[in-house]
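Observations on the model geometry
Take a look at the letters that make up each chain.
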Amino acid sequence: MKFKALFAILAMLTAGGLAAQEISTISTYVDSDLCARLLLGPITTERVQCSQSTYKDGSQPVLVWLKNNMVLTANKEKMIGPLVGQLAEVSGKLKAKDGTIKIESVKPITEASIPQGDPGRKMLDVRTYRTDKSAQLHEKIRHELAMMPYISTFDFISFTQSGSDVILTGWTVRAINRDDAARAVRNIEGVETVINNIDILPLGSNDMRIRAAARAALQRFLSRYFWGSGSDIKIVVKNGNIILLGSVATKADSDIAFIQCNGIPGAFKVFNMLRVRNSATRRSVCPLQTRSLYVEENRSQLDRLAILLGGGHGHLWFVVLLASSPRYFECQEDARGPRVLGILKQLCQPEAKPGFRKHEVICVRGPSQ
Amino acid sequence: MSADPANNIHRWVAIIVDPPAVYVSTDAEPRSIPNSGVAALTEYFRYAITGAVANAFPVVQSSGPLVLRLRSAIVGVDVGPPQTQADSKDGSTLARPINIGKVGVEMELVDSETGQQIAAAVDRQNLGEGAMVGSVSFSREEKFRAATEAFNGWASRLRLFLDAAHELSKEDVAHVEATNFPYANGSASTK
């Protein structure tokens with residue numbers, strides 16, 4: 001009797017175990033770990049180039065599940081390596097919770113072989129990633145992630161919005177950041193699903209040495225990008241590879257960071273993904289003050305303003321939302337601050353006048369008045 | 001817990017939790033305190049601390065750069081009255097329980113490489129008569145709840161200190177708000 005019960009339990013356990021390890025067949029994009037975590041959005045030529053070049057430079061190959069953008073670490077990297085930058089149909093034991101897949105077979109596929117209406121086509125459509133209708137939601141998500149207290153120089157967390165779905169990406173040395181980011185974003189009104197692609201980095205002694213050395217080198221030469229609890233430059237170290245992320249003011253600073261990190265003993269490869277601050281690439285702003293102002297129709301005056309303010313970089317930005325596209329002006333937070341305000345006052349009138357058109361002027365981080 | 005403001009705790013990312021040292025009360029006889037009980041005491045305290053901090057400060061085994069070392073001491077441990085065998089639920093009951101009713105805890109965070117002190121705390125609280133450790137598996141003993149609660153309390157206070165030390169200051173908020181531009185929607189470039 002006892003044996004019968006034991007067999008029954010064993011049979012149930014075995015059946016349950018087999019069910020959990022079912023073979024799934026999924027449509028994927030074969031990416032490099034670096035590009036997949038940065039998630040450049042839809043699969044464009046730029047992304048394919050990123051995947052192939054970073055894979056060639058030593059970034060680990062991973063699979064991106066087309067249905068939901070989930071990054072899956074594969075057990076047989078050699079099988080997927082040659083397909084980096086291509087679409088592939090992968091069969092294997094999928095563990096979505098852990099973000100892993102044990103590959104049984106892989107075959108390259110073309111975009112045309114994915115039927116119309118299939119959720120797998122979602123990632124292929126550029127329109128999926130448009131955020132212009134939900135700029136407020138985008139700003140809320142950005143703000144929540146920026147306010148996480150345990151983010152250090154060695155963590156980089158970013159996100160991509162696809163309608164009401166949010167894909168969290170990046171690398172962190174602390175498990176709390178992965179969990180907190182998902183929790184914070186999930187609680188935002190308007191967010192429906194959260195795919196968490198944040199990778200928890202190993203804390204091996206070699207990686208730790210590289211982290212400390214990279215921070216010391218960058219702080220020595222680029223100290224202005226480091227402050228009390230964080231930095232503009234993020235140093236992600238994974239298995240001896242350094243990924244530099246964040247933003248710097250000039251190309252020269254980006255090159256200094258790259259050269260300094262290249263000289264660190266024990267580091268295999270440096271991926272310089274630093275962005276050089278440039279008014280045209282600024283996508284996200286955090287308005288402190290928003291005012292409606294009336295700007296003279298003659299755009300040349302605004303162009304003059306741009307020239308006056310051009311070349312500076314710092315902490316005071318004005319965004320003038322013109323009818324067609326936003327214009328960003330920036331200047332240093334020094335004596336030029338009041339001068340900028342003066343010019344804006346001269347150009348912009350608080351009340352409607354003939355020849356003036358209404359625009360929103362956002363003072364991103366300016367004087368308190 | 002107080003921290004040296006010159007040593008910003010943000011600079012470290014992992015922690016080593018050393019086994020706590022146990023110091024007996026001045027009027028107690030050290031030899032009468034069972035070794036197995038002391039081992040259980042230190043193990044539980046270490047377990048409580050590890051559980052409280054691990055997700056924010058990953059616990060590692062070896063010292064190195066960016067790694068903090070937590071040194072702690074349980075001070076004022078005494079020996080309790082002999083236990084009758086009838087109290088025993090398993091073979092691990094101590095002949096004489098360890099009285100931690102009047103213990104204090106001292107904790108110190110140091111740089112694991114240089115030994116430089118980053119933060120320190122001394123916490124004393126009267127746990128009362130019930131605070132005893134009578135078994136090597138004392139965490140399961142209902143009778144010793146006061147002791148386990150005290151240990152968990154100290155561990156959670158350490159976590160609260162770490163959380164408070166990581167709260168963003170006004171200046172930090174201004175910095176992150178101004179610099180946090182995600183690499184989203186196809187805006188990154190490679191070299």
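Bear in mind that the values here come from a model prediction, so they are computed numbers and not experimental data.

Secondary structure assignment for chain B yields three helices and eight strands. Going through the 191 residues of chain B one by one, you find that 38% of them count as buried. Considering only intrachain contacts with a sequence separation of at least 6, the fraction spanning at least 24 residues in chain B is 72%.

Looking now at the nonpolar core. Ranked by size, the top nonpolar core spans 112 residues in total, and within it Leu63(A), Leu168(A), Ile242(A), Leu244(A) and Ile49(B) carry the most contacts. The element that contributes the greatest number of residues to this core is helix H1 (residues 35-53) of chain B, accounting for nine residues. Among residues more than four places away in sequence, those in contact with Ile49(B) are Val17(B), Leu70(B), Ala155(B) and Leu158(B).

With that settled, consider the sheet that holds strand E8 (residues 193-200) of chain A. Residue and element names in this part refer to chain A. The sheet built from three strands is open, its strands ordered E6-E7-E8 with mixed pairing. A strand with exactly one partner marks an edge of an open sheet, and here the two such strands are strand E6 (156-162) and E8. On average, each strand axis in the sheet is tilted by 15° relative to the strand beside it, whichever way the strands run. Pairing geometry for E6 and strand E7 (residues 165-172), over seven bridges, is antiparallel. Considered in E7, the bridge of Phe156 is made with Trp171. This element, helix H5 (residues 135-146), spans E6 and E7 of the sheet and lies at about 160° to E6. Strands E6, E7 and E8 of the sheet are contacted by helix H6 (residues 175-186), whose axis makes an angle of about 165° with E8.

Here the focus is H1(B). Taking 1.5 Å as the rise per residue, H1(B) with 19 residues should run 27 Å; its terminal C-alpha atoms sit 27 Å apart, in good agreement. Of the positions making up H1(B), those classed as buried are Gly37(B), Val38(B), Ala40(B), Leu41(B), Tyr44(B), Phe45(B), Ala48(B), Ile49(B), Ala52(B) and Val53(B).

Looking now at the packing of helix H7 (residues 205-221) of chain A against helix H8 (residues 251-262) of chain A. Residues and elements named next belong to chain A. Closest axis-to-axis distance for the H7/H8 pair is 9 Å, and the angle between their directions is 140°. Considered as vectors, H7 and H8 are oriented oblique to each other. Judged by the twist between their axes, the crossing of H7 over H8 is right-handed. Every residue of H8 that contacts H7 at Ala214, Ala217, Leu218 and Phe221 is listed here: Ile256, Ala257, Gln260 and Cys261. Taken together, the residues of the contact of H7 with H8 break down into seven nonpolar, one polar and no charged.

A few words on unusual backbone geometry. For Asn69(A), which is not a glycine, the phi torsion comes out positive at approximately 70°. Exposure remark for Asn69(A): the 22 C-beta atoms within 10 Å place this residue in the buried category. Notably, Leu66(B) is not glycine yet its phi reads approximately 70°, a positive angle. Using a count of 23 C-beta atoms within 10 Å as the deciding quantity, one classes Leu66(B) as buried.

Residues and elements named next belong to chain A. Taken together, the five strands give a closed barrel; going around it, the order is E1-E2-E3-E5-E4, and neighbouring strands pair in mixed fashion. When the angles between neighbouring strand axes are averaged without regard to direction, this sheet yields 50°. Across three bridges, strand E2 (residues 61-65) lies against strand E3 (residues 70-74) in antiparallel orientation. Among the inter-strand pairings, Leu63 is bridged to a residue of E3, identified as Leu72.

Here we come to the pairing of strand E6 (residues 104-111) of chain B. All names here are of chain B. Summarising the sheet, strand E4 (residues 67-79) and E6 pair through eight bridges and their orientation is antiparallel. Across the sheet, the residue bridging to Val75 is Gly104, located in E6. In this sheet, strand E7 (residues 117-124) lies alongside E6 in antiparallel orientation, the contact comprising seven bridges. Residue pairing across strands places Gly104 opposite Arg124, the latter belonging to E7.

This part takes up the environment of Leu109(B). Checked against the element boundaries, Leu109(B) lands in strand E6. Residue classification places Leu109(B) among the buried positions, given that 28 C-beta atoms sit within 10 Å.

Let us look at the environment of Gly170(A). Residues and elements named next belong to chain A. Tracing the backbone through its elements, the reader meets Gly170 in strand E7. In this structure, the C-alpha to C-alpha distance between Gly170 and Leu245, residues 75 residues apart in sequence, is 10 Å. Those residues in contact with Gly170 that sit more than four places away from it in its chain are Arg37, Phe156, Ile157, Ser158 and Ile198.

All names here are of chain B. Of the two faces of strand E3 (residues 21-24), the one lined by Val22 and Val24 is fully buried and the one lined by Ala21 and Tyr23 carries no buried residue. Relative to E4, E3 is paired through four bridges, and the arrangement is parallel. Its bridge partner being in E4, Val22 is matched across the sheet by Ile74.

About the criteria used
- Residues numbered from 1 in each chain as written.
- Chains lettered and ligands numbered in written order.
- Predicted model: local features only at pLDDT ≥ 70, side-chain atom pairs only at ≥ 80, totals over all residues.
- Helix = DSSP H or I, 4+ residues; strand = E, 2+ residues; numbered from the N terminus.
- Buried ≥ 20, exposed ≤ 12 C-beta atoms within 10 Å, placed from the backbone.
- Contact = placed C-beta atoms within 7 Å.
- Core = buried A, V, L, I, M, F, W, Y, C linked by C-beta atoms within 7 Å.
- Pairing = 2+ DSSP bridges.
- Axes fitted to C-alpha atoms, helices over the stretch in contact; angles between N-to-C directions.
- Expected span 1.5 Å × (residues − 1).
- Parallel < 35°, antiparallel > 145°, perpendicular 65-115°, else oblique.
- Left-handed = near helix turned anticlockwise from the far one by under 90°.
- Nonpolar A, V, L, I, M, F, W, Y, C, P; charged D, E, K, R; others polar.

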